[in-house]
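# Analysis of the macromolecular model
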Amino acid sequence: PGVMALVQIIIWTTLTSVSIVREKEMGTMEILLVSPFKPTYVVLAKAVPYLALSLIDLIIILLLSVFLLDMPIRGNIILLFLESTLFIICCLSLGLLISSVTRTQQIAMMVSMMGMMLPTILFTGFIFPLENMPVPLQVISNVVPSRWFYVIIKAVMLKGLGIGVIWKETLVLAGMTTALLIISIKSFKTRLS
């Protein structure tokens, strides 16, 4: 579960973070801005292909974990898929936000790789238990989306628990996803500098 959270947040945040920046660097953003589409549609259109790819990636990860690593999925597979989809949308929203506020692909990749990999490794409980960390670090861990996904995925995949146990974490992740999506759409600039 920890590797699953790490792989998904790094890959999908990084890939999405270069999507809008690439258009700016290639000079095709002007075409998108003068098109009749609203900025919301442009931002969401950048995320939809990555969402489809990430769902395929999720299926591959789950198949590898069951058949290659011999790790059974004890919980409801549909709940696992829905929770993972929510986390993927959160990762894509975060990548779109990074892409909207950065100027070059290199900066976007550095921010998404380093800005997501270290907090995911340190603040999810994947390597270091959160209970053993100082209180300020425990508070900081609450803003890392993969921390909540790690709790969800452990509960569903390893313990076989249902939505009745993880509904708080699901609400936190849904709130983060909504906030990141709204902020990334609002931060999308309709004028080039």
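Quick summary incoming for the structure in this document.

### A word on the overall build of the protein chain
Across its full length, the protein chain holds nine helices and zero strands. Along its sequence from the N terminus, the protein chain presents helices and strands in the succession α-α-α-α-α-α-α-α-α. For a compact globule of 193 residues, the expected C-alpha radius of gyration is about 16 Å, and the protein chain comes in at 17 Å, within 12% of that figure. Each principal axis of the C-alpha distribution contributes one length, and for the protein chain these read about 50 × 35 × 30 Å.

### Points about the packing of helix α1 (residues 2-17) against helix α6 (residues 105-123)
Contact geometry for α1 and α6: axes closest at 9 Å, N-to-C directions at 165°. When the interaxial angle is binned, α1 and α6 end up roughly antiparallel. Read as a crossing pair, α1 and α6 show a hand that is right-handed. Contacts between α1 and α6 involve Ala5, Leu6, Ile9, Ile10, Thr13, Thr14 and Ser17 from the first element and Ala108, Met109, Ser112, Met113, Met116, Met117, Thr120 and Ile121 from the second. Class assignment of the residues belonging to the contact of α1 with α6 gives a composition of 10 nonpolar, five polar and no charged.

### Observations regarding helix α5 (residues 77-101)
For α5, which comprises 25 residues, the first-to-last C-alpha distance of 36 Å matches the rise-based estimate of 36 Å (1.5 Å per residue) to within 8%. With 19 of 25 residues buried, α5 is to be regarded as a mostly interior element. Two or three places before Ile78, at the opening of α5, Asn76 has a side-chain oxygen 2.9 Å from that residue's backbone nitrogen.

### Examining the packing of aromatic side chains
Evaluation of the coordinates by the stated rule reveals one aromatic pair. When the centroid spacing of 4.2 Å and the interplanar angle of 5° are considered together, the rings of Phe87 and Phe149 count as stacked. Taken as a pair, Phe87 in helix α5 and Phe149 in helix α8 (residues 145-158) lie far apart in primary sequence, 62 residues in all. One exposure class covers both Phe87 and Phe149, and it is buried. The cationic tip of Arg147 hangs over the ring face of Trp148; the distance from NZ or CZ to the ring centre is 4.3 Å.

Thresholds applied
- Residues numbered from 1 in each chain as written.
- Predicted model: local features only at pLDDT ≥ 70, side-chain atom pairs only at ≥ 80, totals over all residues.
- Heavy atoms only, no water.
- Helix = DSSP H or I, 4+ residues; strand = E, 2+ residues; numbered from the N terminus.
- Rg over C-alpha atoms; globule rule 2.2 N^0.38 Å.
- Axes fitted to C-alpha atoms, helices over the stretch in contact; angles between N-to-C directions.
- Parallel < 35°, antiparallel > 145°, perpendicular 65-115°, else oblique.
- Left-handed = near helix turned anticlockwise from the far one by under 90°.
- Contact = heavy atoms within 4.5 Å.
- Nonpolar A, V, L, I, M, F, W, Y, C, P; charged D, E, K, R; others polar.
- Expected span 1.5 Å × (residues − 1).
- Buried < 20%, exposed > 50% of the residue type's maximum accessible area, 1.4 Å probe, protein only.
- Polar contact = N/O pair within 3.5 Å; in protein donor to acceptor, adjacent residues only side chain to side chain.
- Phe/Tyr/Trp six-rings, centres within 6.5 Å; stacked < 30°, edge-to-face > 60°.
- Lys NZ or Arg CZ within 6 Å of the ring centre and 35° of its normal.

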